[in-house]
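Examining the three-dimensional arrangement
Take a look at the letters that make up each chain.
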Amino acid sequence: SITKRTYGSRAAAHPIPVAQQLLACCERKQTNLCVSVDVTKKAALLRIADAAGPYICCVKTHIDIVEDFDQDLVQQLQALADKHDFLIWEDRKFADIGNTVRLQYSSGIYKIASWSHITNAHLVPGEGILTGLASVGQPLGRGLLLLAEMSAKGNLATGDYTRKNVEAARRFPDFVMGFVAMRRVDEREETAGGVAPGEGADYVIMTPGVGLDSKGDGMGQQYRTPDEVVNESGCDIIIVGRGIYGGGEGSADDEIVRQSKRYQEAGWKAYLDRLEQ
Ligand code: BMP
């Protein structure tokens, strides 16, 4: 099964270039850590990405919370991605009809498709959202994650809705590279109707709600440890936000480095343990 394969072997066989890049980066840097940089100032975002850079495979942004956003932010973030060897994921959570998301992805102030290797979407509007996003992202070599599950308490992405996400992904094998999910939702028994097209495809499971010191945030977030996420649940990438940079404008650089190393080591150990078991 996928959970017994190394990131490197999966990278070599993956049909989606950006998934190849991500998995190869994990192997090269020995990290399955994605830092989620949820701060409201450009300087803080860049500072945290630079400090965490050596220890991560991906930076996840919420670009619409940055008060002093400008095109230079994107250029500097891309320069950091080159310097440290990581990918960029704009956590936009698209959720509209195909024609609208096509415009939201390509245009406006942020022009997300022009700089973000990865983005994500909800399947609530139906598969037209995938047609719309793929029309922009696929020619640029981008990849998409579907939110098959969520980390927050009481969320509605469960059961049949989760299964529908996996089935829809199988119909867009050149664009949907994986899922935001809490476990290996792509395992065969989870899909209804027997063998679907693309059965056996390799999906990258990227998982938020990871923290070593806290169980929640008082606003619905629920945290699990890297071992629970990667080793027990078979997810591929741990996403850590406040566990690394604190909150607000972020911790001092040395603390960010210390926490990044800590989560990198915990995530990598969980992956090695999973391979061995
Ligand atoms: P933190 O580790 O500080 O709780 O941040 C988690 C990040 O992951 C946030 O950016 C949030 O938007 C995102 N996220 C999540 O927490 N749960 C989900 O189900 C999906 C997410 O994208």
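Chains are numbered independently. Their residues run from 1 in the order of the written sequence. Two thresholds apply to this predicted model, a pLDDT of at least 70 for residue-level local features and 80 or more for giving and counting side-chain atom pairs, whereas whole-chain, interface and lining totals are computed over all residues. Side-chain numbers here rest on the full set of heavy atoms in the structure, without hydrogens or water.

For the protein chain, the count of helices and strands is 10 helices and eight strands. Here the C-alpha coordinates of the protein chain stretch approximately 50 × 45 × 40 Å along the principal axes. Remark: exposure states derive from per-residue accessible area (1.4 Å probe, protein chains only) relative to the maximum for the residue type, with buried under 20%, exposed over 50%, and partly exposed in between. Taking all 277 residues of the protein chain together, 52% fall into the buried category. For the protein chain, contacts bridging at least 24 residues in sequence account for 75% of all contacts bridging at least 6. Each accessible area is a Shrake-Rupley result for a 1.4 Å probe, and residues are judged covered by the shown protein chains and nothing else. Accessible area of the protein chain: about 11200 Å², with a carbon and sulfur share of 53%. Under this rule, positive means Lys or Arg and negative means Asp or Glu; His and the chain ends count for nothing. Taken as the charge centre is NZ of Lys, CZ of Arg, CG of Asp or CD of Glu, depending on the residue. When the 31 basic and 37 acidic side-chain charges of the protein chain are each reduced to a single mean position, those positions are 1 Å apart. Numbering goes from the N terminus for both helices and strands, where a helix is a DSSP run of H or I of at least four residues and a strand is a run of E of at least two. In this description, contact between two residues means that some pair of their heavy atoms is separated by no more than 4.5 Å.

Below, the discussion takes up the site of the ligand. As a structural note, the neighbourhood of the ligand is formed by 14 residues, with D38, K93, S151, Y223 and R242 the closest of them. Whenever a nitrogen or oxygen atom comes within 3.5 Å of another N or O atom, the pair is scored as a polar contact, on the condition that within protein one atom can donate a hydrogen and the other can accept it, and that pairs from neighbouring residues in sequence are kept only if both atoms are in side chains. Between the ligand and K60, the relevant distance is 2.8 Å, taken from an oxygen atom to a side-chain nitrogen or oxygen of the residue. Interatomic distance of 2.9 Å between a side-chain N/O atom of H62 and an oxygen atom of the ligand. In the complex, the protein chains occlude 90% of the 480 Å² of accessible area that the ligand would expose alone. Split into classes, the residues belonging to the shell around the ligand amount to four nonpolar, five polar and five charged. Proximity criterion: a residue is near a molecule or strand once any of its heavy atoms comes within 4 Å of it. As a working rule, the residues Ala, Val, Leu, Ile, Met, Phe, Trp, Tyr, Cys and Pro are called nonpolar, Asp, Glu, Lys and Arg charged, and the rest polar, with Gly in that last group.

What follows deals with the sheet that holds strand β1 (residues 33-37). Read around the closed barrel, eight strands run β1-β2-β3-β4-β5-β6-β7-β8, paired in parallel fashion. Across this sheet, the average inter-strand angle for adjacent strands is 30 degrees, counted without regard to direction. Note: two strands are recorded as paired if DSSP finds a minimum of 2 bridges between them. Pairing geometry for strand β3 (residues 87-94) and strand β4 (residues 118-121), over three bridges, is parallel. Looking at β4, one finds that F94 is bridged to A121. Axis lines are fitted to C-alpha atoms, over the contacting stretch for helices. Their N-to-C directions set the angle, which ranges from 0 to 180 degrees.

Quick look at the UniProt feature "binding site: substrate" (unreviewed entry) in the protein chain now. Residues given the UniProt feature "binding site: substrate" (unreviewed entry) here are D38, K60, S151, Q221, G241 and R242. Lining the largest pocket, from the residues just named, are D38, K60, S151, Q221, G241 and R242. Along the polypeptide, D38 turns up in the loop between β1 and α3 (42-52). Under the relative-accessibility criterion, D38 is labelled partly exposed at 30%. UniProt positions are given in the numbering used here, feature names are shortened, and annotations may be inferred rather than shown by experiment. Here the term cavity refers to a set of points on a 1 Å grid, laid over the protein atoms alone, in which a 1.4 Å probe fits but cannot get out; the term pocket refers to an open set having protein on both sides within 12 Å along at least five of seven lines, with lining residues being those that place an atom within 4 Å of a point.

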